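Commentary on secondary and tertiary structure
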Amino acid sequence: MLSLSTYAQRGVRIAYIDTEYILENVPEYQEATAQLEGKAQKWKNEIQAKLTVVEQKRKDLSNEKALLTNELIDEREEDITFEENEILDYQQKRFGPNGDLFIQKKQLMQPIQDQIFAAVQDMATGRKYDFIFDKSSDAVMLFSAKQFDLSEQILRSITRTSKRKQAQSKSERKAAEKEELIPEINEDLEAREKALEEKKAERESAIEKARKEKLAAREAKVKAAAEKRQKTIDDREKAKQAKLDARTKTTEAVKGESETLKTEDTKPEGETKTKAQLIEENRQKKLAERAARKKELEDRKKKILEDRQKAKDSLNKNN
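Residues numbered from 1 in each chain as written. Predicted model: local features only at pLDDT ≥ 70, side-chain atom pairs only at ≥ 80, totals over all residues. Heavy atoms only, no water.

- Within an unreviewed UniProt entry, the label attached to the protein reads OmpH family outer membrane protein, and the organism entered is Algibacter agarivorans.
- The Sequence similarities (unreviewed entry) field of the UniProt record for the protein holds the comment "Belongs to the Skp family." (UniProt positions renumbered as here; feature names shortened; annotations may be inferred.)

What follows is the structure, encoded as structure tokens:
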């Protein structure tokens, strides 16, 4: 009751500030915000460039699928998925709820908010205000008279404090200008980045190992198939050569018999031939004609086989 009576006697002193207006007029905050926006735009451009590369790889794979084996298609799809996951991790790292942009905004806002809070506390204590609201906060202010706005006074107080600090530490200010605007020290973030890098290295190592194993298995299969094909060709050639040798021997035997018959034909005219001799001569003549026809057929067949072999060899070279 005594407290209420005191308030009633002197009246309740209420004021408000506009934090957004104050921040817009603090040069250090505006400069830091511009640099932070530049960083964010750079990160966005990096992400977009990586997404463009991955999209082009996916288009190339779609166009080349008809020329690739299923194993190569699976490998390239796995690589593309891995790159997409890396881009998502990087995007989360930069723009996620606990990403670099959120952390740096918080680090940027905290010093200015502390200055505003300190200035408000000093003014409320010195001028005996009972309530000071923030117009830009969630509090609903249906009407606010300009004479109760302390934003300009808070802004002047922050500016004076900043100038005093700058005058007292010029050497420190020059050294700070060479450093990064916003410190990026975050142990949780560094631990997470380290874990991601280790996971990425393990994944790349596993992918490379699997790729080498697949390539080695593929080369072994190709080599085995080539050896099997060559062995089949060699066996066929040996069989053909054996048949040709046998036919050659048969032809030579028939030729010898024909020569014998010709020698007998050259006997003196006065020497008469019996019926049996004539029959045998006729039989030998037919055998010789049959052997000649067979030889002609064999030569023609040999030539066809040689032509086929040449065509196969030419096809294998082209493959």
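1. Considering the packing of helix 3 (residues 27–64) against helix 5 (residues 100–127)
- Axis separation between helix 3 and helix 5 bottoms out at 11 Å; the angle between their running directions is 180°. By the angle between their axes, helix 3 is roughly antiparallel relative to helix 5. Facing helix 3, whose interface residues are Tyr29, Ala32, Thr33, Leu36, Lys39, Ala40 and Trp43, helix 5 presents Asp100, Leu101, Gln104, Lys105, Leu108, Met109 and Ile112.
- Residue classes in the contact of helix 3 with helix 5 are distributed as nine nonpolar, two polar and three charged. (Axes fitted to C-alpha atoms, helices over the stretch in contact; angles between N-to-C directions. Helix = DSSP H or I, 4+ residues; strand = E, 2+ residues; numbered from the N terminus. Parallel < 35°, antiparallel > 145°, perpendicular 65-115°, else oblique. Contact = heavy atoms within 4.5 Å. Nonpolar A, V, L, I, M, F, W, Y, C, P; charged D, E, K, R; others polar.)

2. Some details on the packing of aromatic side chains
- Within the structure shown, the criterion is met by two aromatic pairs.
- Ring geometry for Phe131 and Phe133: centres 6.3 Å apart, planes at 10°, overall stacked.
- Relative accessible area serves as the criterion here: at 38%, Phe133 is assigned to the partly exposed category.
- Its end group placed over the ring of Tyr90, Lys50 keeps NZ or CZ at 4.3 Å from the ring centre. (Phe/Tyr/Trp six-rings, centres within 6.5 Å; stacked < 30°, edge-to-face > 60°. Buried < 20%, exposed > 50% of the residue type's maximum accessible area, 1.4 Å probe, protein only. Lys NZ or Arg CZ within 6 Å of the ring centre and 35° of its normal.)

3. A word on the nonpolar core
- Ile17, Ile22, Tyr29, Ile116, Leu150 and Ile154 are the most contacted members of the largest nonpolar core, which has 30 residues in total.
- Where this core is concerned, the elements lending two or more residues are strand 1 (14–17), helix 2 (19–24), helix 3, helix 4 (70–95), helix 5 and helix 6 (151–168).
- Broken down by element, this core gets its largest block of residues, nine residues, from helix 5.
- Excluding its chain neighbours within four sequence positions, the residues that come into contact with Ile116 are Ile17, Thr19, Ile22, Leu23, Ile154 and Ile158. (Core = buried A, V, L, I, M, F, W, Y, C linked by side-chain atoms within 4.5 Å.)

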